[in-house]
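Residues per chain are reported as follows:
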Amino acid sequence: MTSPQSDPAPQPPQPPQGHVHGHTHSHGPAAPVSKHLRKVIAAVVIPFATAVVVGLIAFWPGGVPDHERTGVGFDRQTQDGKVVQVVKVDCADVNAAQVPPTGDTSTPSGREAVNEQEGECAKATIEVTSGDDKGRKFVEVVQPDAPRQLREGQGVVVAYAPDAPRDLQYSVTDVNRKIPMTLLAAIFALAVIAVGRLRGVMALVALAVSFAVLTLFILPAILQGSNPLVVAVIGASAIMLAALYMCHGVTARTSVAVVGTLISLLLIGLLGSLFIGWADLSGNTDDNTGLIHGLYPDIDMSGLLLAGVIIGSLGVLDDVTVTQTSAVWELHQADPRMGWRGLYRAGIRIGRDHIASVVNTLVLAYAGAALPLLLLFSIAQSSVGTVANSELVAEEIVRTLVGSIGLVASVPVTTVLAALVVSADRPGAGTSSSTAAAPARTGRGRRRKA
(Lines give C-alpha, C1' and ligand atoms only; values in the text may rest on other atoms or scores of the structure.)
Protein backbone atom coordinates (compact mmCIF):
# COMPACT_ATOMS: atom_id res chain seq x y z
CA MET A 1 0.00 0.00 0.00
CA THR A 2 2.97 2.28 0.55
CA SER A 3 4.04 1.86 -3.02
CA PRO A 4 0.98 3.51 -4.58
CA GLN A 5 1.22 6.41 -2.12
CA SER A 6 4.89 6.99 -2.82
CA ASP A 7 4.36 7.09 -6.60
CA PRO A 8 2.84 10.59 -6.71
CA ALA A 9 5.99 12.13 -5.21
CA PRO A 10 8.25 11.63 -8.22
CA GLN A 11 5.45 12.54 -10.69
CA PRO A 12 6.11 16.31 -10.89
CA PRO A 13 9.41 15.74 -12.74
CA GLN A 14 7.74 13.29 -15.15
CA PRO A 15 5.04 15.51 -16.72
CA PRO A 16 7.32 16.91 -19.45
CA GLN A 17 6.47 13.67 -21.33
CA GLY A 18 2.75 14.21 -21.26
CA HIS A 19 1.08 16.35 -18.64
CA VAL A 20 2.99 19.58 -19.06
CA HIS A 21 3.09 19.06 -22.81
CA GLY A 22 -0.70 19.10 -22.98
CA HIS A 23 -0.82 22.12 -20.70
CA THR A 24 1.52 24.13 -22.86
CA HIS A 25 -0.51 23.50 -26.02
CA SER A 26 -3.39 25.31 -24.36
CA HIS A 27 -1.56 28.24 -22.82
CA GLY A 28 1.62 28.97 -24.77
CA PRO A 29 5.16 27.73 -25.33
CA ALA A 30 6.01 24.44 -23.67
CA ALA A 31 9.34 25.57 -22.26
CA PRO A 32 10.15 29.18 -21.38
CA VAL A 33 13.25 30.62 -22.97
CA SER A 34 16.22 31.44 -20.80
CA LYS A 35 16.55 34.72 -18.98
CA HIS A 36 19.41 35.73 -21.27
CA LEU A 37 17.29 35.34 -24.41
CA ARG A 38 14.39 37.14 -22.77
CA LYS A 39 16.72 40.07 -22.13
CA VAL A 40 17.96 40.03 -25.74
CA ILE A 41 14.39 40.01 -27.10
CA ALA A 42 13.34 42.73 -24.65
CA ALA A 43 16.33 44.84 -25.78
CA VAL A 44 14.86 44.80 -29.30
CA VAL A 45 11.12 44.99 -28.62
CA ILE A 46 11.05 47.52 -25.76
CA PRO A 47 12.89 50.30 -27.67
CA PHE A 48 10.65 49.65 -30.67
CA ALA A 49 7.49 49.84 -28.52
CA THR A 50 8.82 52.98 -26.85
CA ALA A 51 9.43 54.58 -30.24
CA VAL A 52 5.87 53.74 -31.28
CA VAL A 53 4.45 55.36 -28.13
CA VAL A 54 6.60 58.45 -28.69
CA GLY A 55 5.39 58.59 -32.30
CA LEU A 56 1.76 58.34 -31.22
CA ILE A 57 2.25 61.22 -28.79
CA ALA A 58 4.17 63.37 -31.28
CA PHE A 59 1.72 62.91 -34.15
CA TRP A 60 -1.51 62.60 -32.14
CA PRO A 61 -4.09 64.83 -33.85
CA GLY A 62 -6.27 67.34 -32.08
CA GLY A 63 -9.29 66.18 -34.06
CA VAL A 64 -10.50 66.36 -37.65
CA PRO A 65 -9.96 69.87 -39.05
CA ASP A 66 -13.11 71.81 -39.86
CA HIS A 67 -14.10 72.63 -43.41
CA GLU A 68 -17.10 74.04 -45.20
CA ARG A 69 -19.27 71.20 -46.49
CA THR A 70 -19.41 70.90 -50.25
CA GLY A 71 -22.58 68.81 -50.43
CA VAL A 72 -20.80 66.37 -52.74
CA GLY A 73 -20.48 62.62 -52.17
CA PHE A 74 -19.94 61.75 -48.51
CA ASP A 75 -19.39 65.41 -47.64
CA ARG A 76 -23.08 66.07 -46.98
CA GLN A 77 -25.26 66.59 -43.95
CA THR A 78 -27.41 63.48 -43.51
CA GLN A 79 -30.28 62.39 -41.30
CA ASP A 80 -32.33 59.25 -40.84
CA GLY A 81 -35.64 58.88 -42.63
CA LYS A 82 -38.50 56.45 -43.23
CA VAL A 83 -40.67 55.72 -46.24
CA VAL A 84 -44.26 56.23 -45.08
CA GLN A 85 -46.08 55.86 -48.40
CA VAL A 86 -45.39 54.68 -51.96
CA VAL A 87 -47.84 55.37 -54.78
CA LYS A 88 -47.49 54.23 -58.40
CA VAL A 89 -47.92 57.07 -60.90
CA ASP A 90 -47.38 57.64 -64.60
CA CYS A 91 -43.90 59.02 -65.15
CA ALA A 92 -45.19 61.57 -67.66
CA ASP A 93 -47.56 63.01 -65.00
CA VAL A 94 -44.72 63.76 -62.57
CA ASN A 95 -42.32 64.93 -65.30
CA ALA A 96 -39.74 62.31 -64.23
CA ALA A 97 -37.79 62.61 -67.46
CA GLN A 98 -35.54 65.65 -67.41
CA VAL A 99 -34.65 65.25 -71.12
CA PRO A 100 -37.01 64.42 -73.96
CA PRO A 101 -36.72 60.92 -75.41
CA THR A 102 -34.33 60.72 -78.34
CA GLY A 103 -36.36 58.02 -80.05
CA ASP A 104 -33.16 56.06 -80.58
CA THR A 105 -33.59 53.06 -78.28
CA SER A 106 -30.26 51.56 -79.36
CA THR A 107 -28.44 53.86 -76.94
CA PRO A 108 -28.69 53.70 -73.13
CA SER A 109 -29.74 57.35 -72.89
CA GLY A 110 -32.47 56.84 -75.48
CA ARG A 111 -33.88 53.73 -73.76
CA GLU A 112 -33.76 55.46 -70.37
CA ALA A 113 -35.52 58.55 -71.66
CA VAL A 114 -38.28 56.48 -73.30
CA ASN A 115 -38.84 54.46 -70.11
CA GLU A 116 -38.99 57.64 -68.04
CA GLN A 117 -41.65 59.06 -70.34
CA GLU A 118 -43.73 55.91 -70.79
CA GLY A 119 -43.05 53.83 -67.64
CA GLU A 120 -44.65 53.74 -64.23
CA CYS A 121 -42.78 55.64 -61.50
CA ALA A 122 -43.00 55.36 -57.72
CA LYS A 123 -43.96 58.48 -55.78
CA ALA A 124 -42.60 57.98 -52.27
CA THR A 125 -43.38 60.10 -49.22
CA ILE A 126 -40.41 60.25 -46.84
CA GLU A 127 -40.48 61.34 -43.20
CA VAL A 128 -37.34 62.68 -41.53
CA THR A 129 -36.86 60.79 -38.24
CA SER A 130 -33.81 62.57 -36.76
CA GLY A 131 -32.32 66.04 -36.45
CA ASP A 132 -33.94 69.44 -36.08
CA ASP A 133 -36.48 68.73 -38.83
CA LYS A 134 -37.74 65.49 -37.29
CA GLY A 135 -41.25 64.78 -38.53
CA ARG A 136 -40.88 66.80 -41.72
CA LYS A 137 -42.05 65.04 -44.90
CA PHE A 138 -41.00 65.35 -48.51
CA VAL A 139 -41.72 63.56 -51.78
CA GLU A 140 -39.21 61.55 -53.83
CA VAL A 141 -39.97 60.25 -57.34
CA VAL A 142 -38.26 56.97 -58.17
CA GLN A 143 -37.92 56.17 -61.85
CA PRO A 144 -38.65 52.61 -63.08
CA ASP A 145 -35.04 51.99 -64.13
CA ALA A 146 -33.54 53.25 -60.88
CA PRO A 147 -31.21 50.65 -59.27
CA ARG A 148 -32.77 51.25 -55.85
CA GLN A 149 -36.54 51.07 -55.44
CA LEU A 150 -38.30 52.24 -52.27
CA ARG A 151 -40.98 50.43 -50.26
CA GLU A 152 -43.24 51.43 -47.39
CA GLY A 153 -41.68 51.15 -43.94
CA GLN A 154 -38.15 51.11 -45.30
CA GLY A 155 -35.48 53.06 -43.42
CA VAL A 156 -33.45 55.45 -45.55
CA VAL A 157 -30.66 57.99 -45.26
CA VAL A 158 -31.59 61.48 -46.45
CA ALA A 159 -29.21 64.24 -47.46
CA TYR A 160 -29.87 67.81 -46.32
CA ALA A 161 -28.93 70.83 -48.47
CA PRO A 162 -29.66 73.97 -46.40
CA ASP A 163 -29.01 76.37 -49.29
CA ALA A 164 -31.51 74.69 -51.64
CA PRO A 165 -35.19 75.74 -51.99
CA ARG A 166 -37.30 74.36 -49.16
CA ASP A 167 -39.02 71.73 -51.32
CA LEU A 168 -35.64 70.45 -52.54
CA GLN A 169 -33.64 70.54 -49.31
CA TYR A 170 -34.06 66.83 -48.58
CA SER A 171 -33.43 63.87 -50.87
CA VAL A 172 -32.91 60.14 -50.39
CA THR A 173 -29.26 59.25 -50.72
CA ASP A 174 -29.11 55.65 -49.47
CA VAL A 175 -30.86 52.85 -47.60
CA ASN A 176 -30.46 52.56 -43.83
CA ARG A 177 -28.61 49.28 -43.26
CA LYS A 178 -27.82 49.65 -39.56
CA ILE A 179 -29.98 46.75 -38.34
CA PRO A 180 -28.70 44.01 -40.71
CA MET A 181 -25.11 45.24 -40.35
CA THR A 182 -25.37 45.22 -36.55
CA LEU A 183 -26.92 41.75 -36.57
CA LEU A 184 -24.18 40.42 -38.84
CA ALA A 185 -21.51 41.90 -36.56
CA ALA A 186 -23.16 40.26 -33.54
CA ILE A 187 -23.24 36.87 -35.29
CA PHE A 188 -19.56 37.29 -36.17
CA ALA A 189 -18.66 38.13 -32.57
CA LEU A 190 -20.63 35.17 -31.20
CA ALA A 191 -18.99 32.79 -33.68
CA VAL A 192 -15.50 34.04 -32.77
CA ILE A 193 -16.19 33.71 -29.02
CA ALA A 194 -17.88 30.31 -29.36
CA VAL A 195 -14.92 28.82 -31.21
CA GLY A 196 -12.02 30.85 -29.83
CA ARG A 197 -13.32 31.29 -26.26
CA LEU A 198 -10.87 33.51 -24.34
CA ARG A 199 -8.63 33.87 -27.39
CA GLY A 200 -11.70 34.88 -29.38
CA VAL A 201 -12.61 37.54 -26.82
CA MET A 202 -9.07 38.92 -26.93
CA ALA A 203 -9.17 38.89 -30.74
CA LEU A 204 -12.32 41.02 -30.68
CA VAL A 205 -10.75 43.42 -28.19
CA ALA A 206 -7.68 43.68 -30.42
CA LEU A 207 -9.97 44.34 -33.40
CA ALA A 208 -11.62 47.18 -31.46
CA VAL A 209 -8.19 48.62 -30.63
CA SER A 210 -7.22 48.44 -34.32
CA PHE A 211 -10.31 50.40 -35.36
CA ALA A 212 -9.67 52.91 -32.57
CA VAL A 213 -6.11 53.53 -33.77
CA LEU A 214 -7.35 53.83 -37.36
CA THR A 215 -10.20 56.26 -36.64
CA LEU A 216 -8.71 58.26 -33.75
CA PHE A 217 -5.09 58.51 -34.90
CA ILE A 218 -4.31 57.53 -38.49
CA LEU A 219 -7.17 59.22 -40.35
CA PRO A 220 -7.27 62.52 -38.36
CA ALA A 221 -3.48 62.81 -38.41
CA ILE A 222 -3.42 62.46 -42.21
CA LEU A 223 -6.22 65.04 -42.54
CA GLN A 224 -4.23 67.45 -40.39
CA GLY A 225 -1.40 67.30 -42.93
CA SER A 226 1.01 64.84 -41.31
CA ASN A 227 3.06 62.64 -43.63
CA PRO A 228 0.77 59.69 -44.50
CA LEU A 229 3.67 57.22 -44.66
CA VAL A 230 5.01 58.14 -41.22
CA VAL A 231 1.54 58.09 -39.70
CA ALA A 232 0.76 54.72 -41.31
CA VAL A 233 4.00 53.17 -40.03
CA ILE A 234 3.38 54.40 -36.48
CA GLY A 235 -0.29 53.40 -36.52
CA ALA A 236 0.37 50.01 -38.11
CA SER A 237 3.09 49.32 -35.53
CA ALA A 238 0.74 50.21 -32.69
CA ILE A 239 -1.95 47.93 -34.14
CA MET A 240 0.59 45.12 -34.58
CA LEU A 241 1.85 45.33 -31.00
CA ALA A 242 -1.64 45.46 -29.53
CA ALA A 243 -3.07 42.69 -31.70
CA LEU A 244 -0.20 40.22 -31.37
CA TYR A 245 0.41 40.58 -27.65
CA MET A 246 -3.28 40.68 -26.74
CA CYS A 247 -4.12 37.63 -28.83
CA HIS A 248 -1.02 35.51 -28.25
CA GLY A 249 0.37 36.69 -24.92
CA VAL A 250 3.52 38.52 -23.88
CA THR A 251 5.97 35.74 -24.73
CA ALA A 252 9.24 35.28 -26.57
CA ARG A 253 7.33 33.49 -29.34
CA THR A 254 5.10 36.52 -29.89
CA SER A 255 8.09 38.87 -29.74
CA VAL A 256 9.80 36.97 -32.55
CA ALA A 257 6.62 37.31 -34.62
CA VAL A 258 6.59 41.05 -33.88
CA VAL A 259 10.18 41.45 -35.11
CA GLY A 260 9.46 39.39 -38.24
CA THR A 261 6.36 41.48 -38.99
CA LEU A 262 8.29 44.71 -38.48
CA ILE A 263 11.05 43.70 -40.91
CA SER A 264 8.45 42.70 -43.52
CA LEU A 265 6.57 46.00 -43.09
CA LEU A 266 9.79 47.93 -43.64
CA LEU A 267 10.40 45.96 -46.84
CA ILE A 268 6.86 46.68 -48.05
CA GLY A 269 7.32 50.37 -47.27
CA LEU A 270 10.59 50.59 -49.21
CA LEU A 271 9.31 48.67 -52.24
CA GLY A 272 6.01 50.55 -52.23
CA SER A 273 7.74 53.93 -52.07
CA LEU A 274 10.09 52.94 -54.90
CA PHE A 275 7.51 51.60 -57.34
CA ILE A 276 4.73 54.10 -56.59
CA GLY A 277 7.20 56.87 -57.43
CA TRP A 278 8.70 55.04 -60.40
CA ALA A 279 5.27 54.28 -61.90
CA ASP A 280 4.10 57.89 -61.31
CA LEU A 281 1.01 56.78 -59.39
CA SER A 282 -0.76 59.90 -58.10
CA GLY A 283 -3.22 58.12 -55.81
CA ASN A 284 -5.98 60.39 -57.15
CA THR A 285 -7.97 58.09 -59.42
CA ASP A 286 -11.66 58.27 -58.52
CA ASP A 287 -14.36 60.56 -57.19
CA ASN A 288 -13.58 59.86 -53.54
CA THR A 289 -9.85 60.58 -53.78
CA GLY A 290 -10.65 63.61 -55.95
CA LEU A 291 -12.99 64.94 -53.27
CA ILE A 292 -10.32 64.39 -50.59
CA HIS A 293 -7.75 66.25 -52.69
CA GLY A 294 -10.23 69.08 -53.29
CA LEU A 295 -11.05 69.46 -49.60
CA TYR A 296 -7.50 68.97 -48.32
CA PRO A 297 -5.08 69.86 -51.15
CA ASP A 298 -2.06 69.58 -48.84
CA ILE A 299 -2.51 65.82 -48.40
CA ASP A 300 0.12 63.78 -50.25
CA MET A 301 -2.15 61.44 -52.22
CA SER A 302 0.67 59.14 -53.36
CA GLY A 303 1.76 58.90 -49.72
CA LEU A 304 -1.83 58.06 -48.83
CA LEU A 305 -1.72 55.24 -51.40
CA LEU A 306 1.48 53.89 -49.84
CA ALA A 307 -0.06 54.11 -46.37
CA GLY A 308 -2.97 52.01 -47.61
CA VAL A 309 -0.57 49.38 -48.95
CA ILE A 310 1.16 49.10 -45.56
CA ILE A 311 -2.03 48.92 -43.50
CA GLY A 312 -3.68 46.52 -45.96
CA SER A 313 -0.75 44.10 -45.73
CA LEU A 314 -0.54 44.14 -41.94
CA GLY A 315 -3.41 41.75 -41.21
CA VAL A 316 -2.12 38.96 -43.44
CA LEU A 317 1.46 39.54 -42.24
CA ASP A 318 0.40 38.93 -38.62
CA ASP A 319 -1.11 35.60 -39.62
CA VAL A 320 2.00 34.46 -41.50
CA THR A 321 4.55 35.46 -38.88
CA VAL A 322 2.62 33.99 -35.94
CA THR A 323 2.07 30.72 -37.81
CA GLN A 324 5.74 30.37 -38.77
CA THR A 325 6.95 31.18 -35.26
CA SER A 326 4.56 28.68 -33.71
CA ALA A 327 5.60 26.01 -36.21
CA VAL A 328 9.29 26.41 -35.35
CA TRP A 329 8.54 26.35 -31.61
CA GLU A 330 6.52 23.15 -31.95
CA LEU A 331 9.24 21.52 -34.04
CA HIS A 332 11.77 22.36 -31.34
CA GLN A 333 9.54 20.85 -28.66
CA ALA A 334 9.12 17.69 -30.72
CA ASP A 335 12.90 17.32 -31.16
CA PRO A 336 14.95 19.55 -28.81
CA ARG A 337 18.18 18.19 -30.32
CA MET A 338 17.44 19.76 -33.71
CA GLY A 339 19.76 22.67 -34.55
CA TRP A 340 18.72 25.97 -36.05
CA ARG A 341 19.46 24.82 -39.61
CA GLY A 342 17.26 21.76 -39.19
CA LEU A 343 14.52 23.87 -37.63
CA TYR A 344 14.76 26.36 -40.48
CA ARG A 345 14.56 23.67 -43.17
CA ALA A 346 11.54 22.04 -41.52
CA GLY A 347 9.85 25.37 -40.87
CA ILE A 348 10.38 26.68 -44.39
CA ARG A 349 8.73 23.56 -45.81
CA ILE A 350 5.63 24.48 -43.81
CA GLY A 351 6.00 28.08 -44.95
CA ARG A 352 6.01 27.21 -48.62
CA ASP A 353 2.48 25.82 -48.36
CA HIS A 354 1.46 28.94 -46.46
CA ILE A 355 2.98 31.22 -49.10
CA ALA A 356 1.03 29.56 -51.92
CA SER A 357 -2.33 29.93 -50.17
CA VAL A 358 -1.76 33.44 -48.77
CA VAL A 359 -0.53 34.99 -52.03
CA ASN A 360 -3.45 33.49 -53.94
CA THR A 361 -5.82 34.81 -51.27
CA LEU A 362 -4.36 38.31 -51.47
CA VAL A 363 -4.50 38.48 -55.26
CA LEU A 364 -8.07 37.21 -55.37
CA ALA A 365 -9.12 39.67 -52.66
CA TYR A 366 -7.84 42.63 -54.68
CA ALA A 367 -9.28 41.19 -57.92
CA GLY A 368 -12.66 40.77 -56.26
CA ALA A 369 -12.63 44.36 -55.02
CA ALA A 370 -11.76 45.62 -58.52
CA LEU A 371 -14.14 43.27 -60.36
CA PRO A 372 -16.56 45.98 -61.61
CA LEU A 373 -13.60 47.94 -62.97
CA LEU A 374 -12.16 44.88 -64.69
CA LEU A 375 -15.60 44.17 -66.15
CA LEU A 376 -15.69 47.64 -67.69
CA PHE A 377 -12.35 47.03 -69.38
CA SER A 378 -13.63 43.70 -70.64
CA ILE A 379 -16.71 45.37 -72.13
CA ALA A 380 -14.45 47.88 -73.86
CA GLN A 381 -12.42 44.94 -75.25
CA SER A 382 -9.17 46.54 -74.08
CA SER A 383 -5.96 44.55 -74.30
CA VAL A 384 -4.26 43.26 -71.16
CA GLY A 385 -1.43 45.73 -71.64
CA THR A 386 -3.83 48.66 -71.92
CA VAL A 387 -5.73 47.59 -68.82
CA ALA A 388 -2.58 47.07 -66.75
CA ASN A 389 -1.16 50.43 -67.84
CA SER A 390 -4.19 52.44 -66.69
CA GLU A 391 -3.59 54.08 -63.32
CA LEU A 392 -6.69 52.57 -61.73
CA VAL A 393 -5.49 49.03 -62.40
CA ALA A 394 -1.78 49.84 -62.01
CA GLU A 395 -2.47 50.95 -58.43
CA GLU A 396 -4.04 47.59 -57.62
CA ILE A 397 -1.21 45.70 -59.33
CA VAL A 398 1.45 47.59 -57.37
CA ARG A 399 -0.55 47.19 -54.16
CA THR A 400 -0.95 43.45 -54.71
CA LEU A 401 2.60 42.69 -55.82
CA VAL A 402 4.33 44.81 -53.18
CA GLY A 403 2.18 43.29 -50.44
CA SER A 404 2.79 39.79 -51.80
CA ILE A 405 6.56 40.31 -51.89
CA GLY A 406 6.43 41.38 -48.25
CA LEU A 407 4.38 38.31 -47.36
CA VAL A 408 6.73 35.96 -49.20
CA ALA A 409 9.75 37.55 -47.53
CA SER A 410 8.16 37.31 -44.08
CA VAL A 411 8.24 33.50 -44.20
CA PRO A 412 12.03 32.95 -44.40
CA VAL A 413 12.73 36.03 -42.24
CA THR A 414 10.45 34.94 -39.41
CA THR A 415 11.43 31.29 -39.71
CA VAL A 416 15.15 31.98 -39.42
CA LEU A 417 14.59 34.38 -36.50
CA ALA A 418 12.49 31.81 -34.65
CA ALA A 419 14.98 29.02 -35.39
CA LEU A 420 17.93 31.07 -34.14
CA VAL A 421 16.12 32.16 -30.96
CA VAL A 422 14.68 28.80 -29.95
CA SER A 423 17.85 26.82 -30.79
CA ALA A 424 20.08 29.28 -28.93
CA ASP A 425 18.00 28.82 -25.79
CA ARG A 426 19.86 27.00 -23.04
CA PRO A 427 17.43 26.43 -20.14
CA GLY A 428 20.19 25.47 -17.74
CA ALA A 429 21.91 28.81 -18.28
CA GLY A 430 19.16 31.10 -17.19
CA THR A 431 15.95 29.38 -16.17
CA SER A 432 15.14 28.02 -12.76
CA SER A 433 16.91 24.95 -11.45
CA SER A 434 13.72 22.93 -11.46
CA THR A 435 13.22 23.53 -15.17
CA ALA A 436 16.82 22.71 -15.96
CA ALA A 437 16.84 19.58 -13.82
CA ALA A 438 13.56 18.20 -15.08
CA PRO A 439 15.00 16.19 -17.99
CA ALA A 440 17.55 14.52 -15.69
CA ARG A 441 14.94 13.47 -13.16
CA THR A 442 12.71 12.25 -15.95
CA GLY A 443 15.56 10.09 -17.20
CA ARG A 444 16.05 8.54 -13.76
CA GLY A 445 12.33 7.86 -13.57
CA ARG A 446 12.58 5.93 -16.81
CA ARG A 447 15.45 3.88 -15.46
CA ARG A 448 13.43 2.98 -12.34
CA LYS A 449 10.58 1.75 -14.48
CA ALA A 450 12.96 -0.19 -16.63
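Check the entry above for the structure.
Residues numbered from 1 in each chain as written. Predicted model: local features only at pLDDT ≥ 70, side-chain atom pairs only at ≥ 80, totals over all residues. Heavy atoms only, no water.

Caption draft 1: Examining the pairing of strand E2 (residues 120-128) more closely. Pairing geometry for strand E1 (residues 77-90) and E2, over nine bridges, is antiparallel. Among the inter-strand pairings, glutamine 85 is bridged to a residue of E2, identified as threonine 125. One ladder, built from six bridges, connects E2 with strand E3 (residues 137-142); its direction is antiparallel. Following the sheet pairing, lysine 123 is matched in E3 by valine 141. (Pairing = 2+ DSSP bridges. Helix = DSSP H or I, 4+ residues; strand = E, 2+ residues; numbered from the N terminus.)

Caption draft 2: Just helix H14 (residues 391-424), in detail. Over its 34 residues, H14 extends 49 Å from the first C-alpha to the last, a length consistent with the 50 Å expected when each residue adds 1.5 Å. In the structure, H14 departs most strongly from a straight axis at serine 410, where the bend amounts to approximately 25° and where the proline proline 412 lies between one and four residues downstream. (Expected span 1.5 Å × (residues − 1). Bend = angle between axes of the 7 residues up to and from the residue.)

Caption draft 3: Looking closely at the pattern of salt bridges. Tallied over the entire structure, the rule returns seven salt bridges. The partner of lysine 178 in a salt bridge is aspartate 80, with the nearest N and O atoms 3.4 Å apart. Of the two residues, lysine 178 is situated in helix H5 (residues 178-196) and aspartate 80 in strand E1; the sequence distance between them amounts to 98 residues. With a shortest N-O distance of 3.0 Å, aspartate 174 and arginine 177 are connected by a salt bridge. On the accessibility criterion, aspartate 174 (25% relative accessible area) is partly exposed. Three or more residues joined by partner-sharing salt bridges are found here, namely Arg148, Asp174 and Arg177. (Salt bridge = Lys/Arg side-chain N within 4 Å of Asp/Glu carboxyl O. Buried < 20%, exposed > 50% of the residue type's maximum accessible area, 1.4 Å probe, protein only.)

Caption draft 4: Examining the environment of glycine 272 more closely. Within the secondary structure, glycine 272 sits in helix H8 (residues 252-278). A residue is classified by how much of its surface remains accessible, and glycine 272, at 1% relative accessible area, is buried. For the pair glycine 272 and leucine 401, spaced 129 residues apart in sequence, the C-alpha separation works out to 9.3 Å. Setting aside its immediate chain neighbours within four residues, glycine 272 contacts Leu306 and Val402. (Contact = heavy atoms within 4.5 Å.)

Caption draft 5: The arrangement of the nonpolar core in detail. One finds Phe217, Val258 and Trp329 to be the most contacted residues of the largest nonpolar core, which totals 55 residues. For this core, the elements supplying multiple residues, two or more each, are helix H3 (35-59), helix H6 (198-223), helix H7 (228-248), H8, helix H10 (301-334), helix H11 (340-369) and H14. It is H10 that provides the largest number of residues to this core, a total of 11 residues. Counting 12 residues, the second-largest nonpolar core is a separate cluster that includes Ile126, Val142, Leu150 and Val172. (Core = buried A, V, L, I, M, F, W, Y, C linked by side-chain atoms within 4.5 Å.)

Caption draft 6: The sheet that holds E1, seen in detail. Taken in spatial order, the five strands line up as E3-E2-E1-E4-E5 in an open sheet, and their pairing is antiparallel. With partners counted over all chains shown, the strands left at the sheet margins are E3 and strand E5 (170-175), one partner each. The average angle at which neighbouring strand axes cross in this sheet is 45°, direction not considered. (Axes fitted to C-alpha atoms, helices over the stretch in contact; angles between N-to-C directions.)

Caption draft 7: Focus on a nonpolar patch on the surface. Together, Ile193, Leu198, Val201 and Val205 make up a nonpolar patch on the protein surface, roughly 310 Å² of accessible area in all. When residues of the nonpolar patch are assigned to their parent elements, the largest contribution, three residues, is made by H6. Inspection of the secondary structure assignment puts valine 205 in helix H6. (Patch = residues over 30% accessible without salt bridge, like charges linked within 9 Å, V, L, I, M, F, W, Y side chains within 5 Å. Areas by Shrake-Rupley, 256 points an atom, 1.4 Å probe, with all protein chains shown as cover.)

Caption draft 8: Seen up close, the packing of aromatic side chains. In the structure shown here, the tally under the stated rule is four aromatic pairs. Ring plane angle 25° and centroid distance 5.7 Å describe the contact between tryptophan 60 and phenylalanine 217, whose orientation is recorded as stacked. Taken together, the positions of tryptophan 60 in the loop between H3 and E1 and phenylalanine 217 in helix H6 put the pair 157 residues apart, joining distant regions of the chain. On the basis of relative accessibility, which here comes to 47%, the residue tryptophan 60 falls in the partly exposed class. With relative accessibility at 0%, the residue phenylalanine 217 sits in the buried group. Three or more aromatic residues joined by ring pairs make a cluster, and in this case those are Phe138, Tyr160 and Tyr170. (Phe/Tyr/Trp six-rings, centres within 6.5 Å; stacked < 30°, edge-to-face > 60°.)

Caption draft 9: How the structure looks around the packing of H10 against H14. In contact at an axis separation of 8 Å, H10 and H14 are set at 30° when each is read in the N-to-C sense. Classified by the interaxial angle, the pair formed by H10 and H14 is roughly parallel. For H10 against H14, the interelement crossing comes out right-handed. Looking at the contact of H10 with H14 residue by residue, the class counts come to 14 nonpolar, 11 polar and two charged. (Parallel < 35°, antiparallel > 145°, perpendicular 65-115°, else oblique. Left-handed = near helix turned anticlockwise from the far one by under 90°. Nonpolar A, V, L, I, M, F, W, Y, C, P; charged D, E, K, R; others polar.)

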